[in-house]
Amino acid sequence: MNQFAKHQILIVGGGAGGIATAASLLKRDKSLDIAIIEPSESHYYQPGWTLVGGGAFTQAQTRHAMASLIPKKARWIRSAVSGFDPDNNQVILADGESVGYEYLVVSPGLKLCWDKIEGLEETLGKNGVTSNYRFDLAPYTWKLVQELQSGVALFSQPPMPIKCAGAPQKAMYLSCSEWFKRKRLKDIHVSFHNAGAVLFGVKEYMPALMEYIEKYDIKLCLGENLIAVNGEQKTATFVVTDAEGNTREEVRQFDMLHVCPPQASMDFIANSPLADEAGWVEVDQESLQHKRYENIWGLGDACSAPNAKTAAAVRQQAPVVAANLFSVIKGKPQIACYTGYGSCPLTVERGKVVLAEFGYGGVLQPSFPKWVLDGTKATRRAWFLKENLLSPIYFQAMLKGREWLAAPKTKEKK
Ligand code: FAD
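Here's a quick rundown of the structure. (Residues numbered from 1 in each chain as written. Predicted model: local features only at pLDDT ≥ 70, side-chain atom pairs only at ≥ 80, totals over all residues. Heavy atoms only, no water.)

So, about the sheet that holds strand 23 (residues 378–379). Judged by pairing direction, the sheet is antiparallel, and its three strands sit side by side in the order 21-22-23 without closing on themselves. What marks the edges here is a single partner per strand, and that holds for strand 21 (342–349) and strand 23. (Pairing = 2+ DSSP bridges. Helix = DSSP H or I, 4+ residues; strand = E, 2+ residues; numbered from the N terminus.)

As structure tokens, then:
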């Protein structure tokens, strides 16, 4: 037997979902035996990367020592998971050791597939090619924005699913906002190349977003998927699909290119018995319990629930997983219900945000009454929330098990 042997509750991933679930469980009973398997020394507040790329946050604000966030009463196993043996209640670690569990929670996030775009990896961080999807590159976005005086700026969005589906647009709007302020925008041609067929999936937010598309004179190129980048020649190749479904390749010149990479489930999840056909951890979308293994739950970007993959979603998912798992330990029925809430604060200009909040099926789920904050409009209040409150809510509430704006709904009251 190895030193990790077995834990009552084992959590895979010390990101938003893993730590929030551990904290929420310990709020219910501090004597629970919980271990978190997490290889990274750093925990990243990824929603802050948009603000780093827009010059409103420092890079340092988005990285915290993992050791400072893992709840004191949970054990940290500093290793990566490489596989699962759910029939024997075992998780396999990268070094070949295994850890047993009574209950398992899976939240390792997703995989960014930079290599799916030919030539991209070797040019990221130079030649005007950047991405807010990486901690180390978000400051480069802001550097490029400050330096660009004229020319062509391209922003790309891959096919769904991606985490924070609004983030590719947010990078563009904040760049435009800066160029507008510096009166450079008239000399910079901006276009948005989205593999999807719409700018944003929930129609109620479209009028506010379209106002900014027009204000910044952004060319919307829908059905355009970035497939290759040549950094030295500063060209980007897109597969363009027309209304009839015909495809052709188009090569475009750029001075600045912001890329959102294609995304997929982690290989060790996709290749495991926990995965559904698409590779995600196969959970019931309300209880978040695994569909085939009743002592396993999944949440966050890795799970199959069809919500918008965001930290805001995790804020509501973690208490649901904690409540349901705790009920099972106590021999009670699982009644906590996740209704698909996710949120995307679209930073349409420096100082204003369109706060998209919606659940399954695109049904709006605003946190505030309209007179306090109307999420379908660009408002200063929503920017204040994004810039000043959401990070403390993440670190001081969500990761500490304080279920503010996230008390789990029950099946009857959903
Ligand atoms: P993560 O927080 O990514 O954590 C996964 C953890 O699992 C990591 O610590 C990782 O090291 C660990 N891990 C990986 N592999 C293994 C392994 N083999 N074994 C064990 N552990 C492993 N959300 C919002 O709500 N609002 C926003 O405005 C917003 N903006 C965003 C902007 C950008 C640019 C990005 C990139 C994301 C944004 N998000 C936003 C999305 C949000 O950050 C994620 O949805 C959220 O972090 C998901 O939490 P998670 O726990 O599933 O994954």
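Moving on from the model shown.
Moving on, we come to the site of the ligand. What surrounds the ligand is a group of 37 residues, the closest being Gly17, Glu38, Lys170, Asp301 and Ala312. Backbone polar atom of Gly17 to an oxygen atom of the ligand: 2.7 Å apart, as the coordinates give it. Within the backbone of Pro108, one N or O atom sits 3.4 Å away from an oxygen atom of the ligand. In the complex, 91% of the free accessible area of the ligand, which totals 1000 Å², lies under the protein chains. Elements that contribute at least two residues to the shell around the ligand include exactly helix 1 (16–28), helix 2 (49–53), helix 6 (167–181), helix 9 (311–329) and strand 21. (Near = heavy atom within 4 Å. Polar contact = N/O pair within 3.5 Å; in protein donor to acceptor, adjacent residues only side chain to side chain. Areas by Shrake-Rupley, 256 points an atom, 1.4 Å probe, with all protein chains shown as cover.)

Turning our eyes to something else, we now look at the nonpolar core. If you look at the biggest cluster of nonpolar residues, it comprises 80 residues, and the most contacted ones within it are Leu10, Ile34, Phe84, Val91, Leu104 and Val106. Examining the composition of this core, we find that 10 residues originate from one element, helix 9, more than from any other. Setting aside its immediate chain neighbours within four residues, Ile34 contacts Ile9, Ile11, Ala22, Leu25, Leu26, Lys73, Ala74 and Arg75. Core analysis: the next-biggest nonpolar cluster, separate from the first, contains 53 residues, Leu120, Val129, Val190 and Leu346 among them. (Core = buried A, V, L, I, M, F, W, Y, C linked by side-chain atoms within 4.5 Å. Buried < 20%, exposed > 50% of the residue type's maximum accessible area, 1.4 Å probe, protein only. Contact = heavy atoms within 4.5 Å.)

Moving on, we get to the pattern of salt bridges. Scanning the model with the defined rule gives 15 salt bridges in all. The residue Glu178 makes a salt bridge to Lys181 at a minimum N-O spacing of 3.5 Å. Linking Glu178 with Lys181, this pair stays in helix 6, spanning three residues, or about one helical turn. When its relative accessible area of 59% is taken as the criterion, Lys181 is described as exposed. Across the pair Glu204 and Lys203 runs a salt bridge, and its minimum N-O distance is 3.3 Å. Residue classification places Lys203 among the exposed positions, given a relative accessible area of 63%. Shared partners join several salt bridges into a network, and the residues in it are Glu224, Arg248, Glu250 and Arg252. (Salt bridge = Lys/Arg side-chain N within 4 Å of Asp/Glu carboxyl O.)

In short, shape yes, function no, at least from these values alone.
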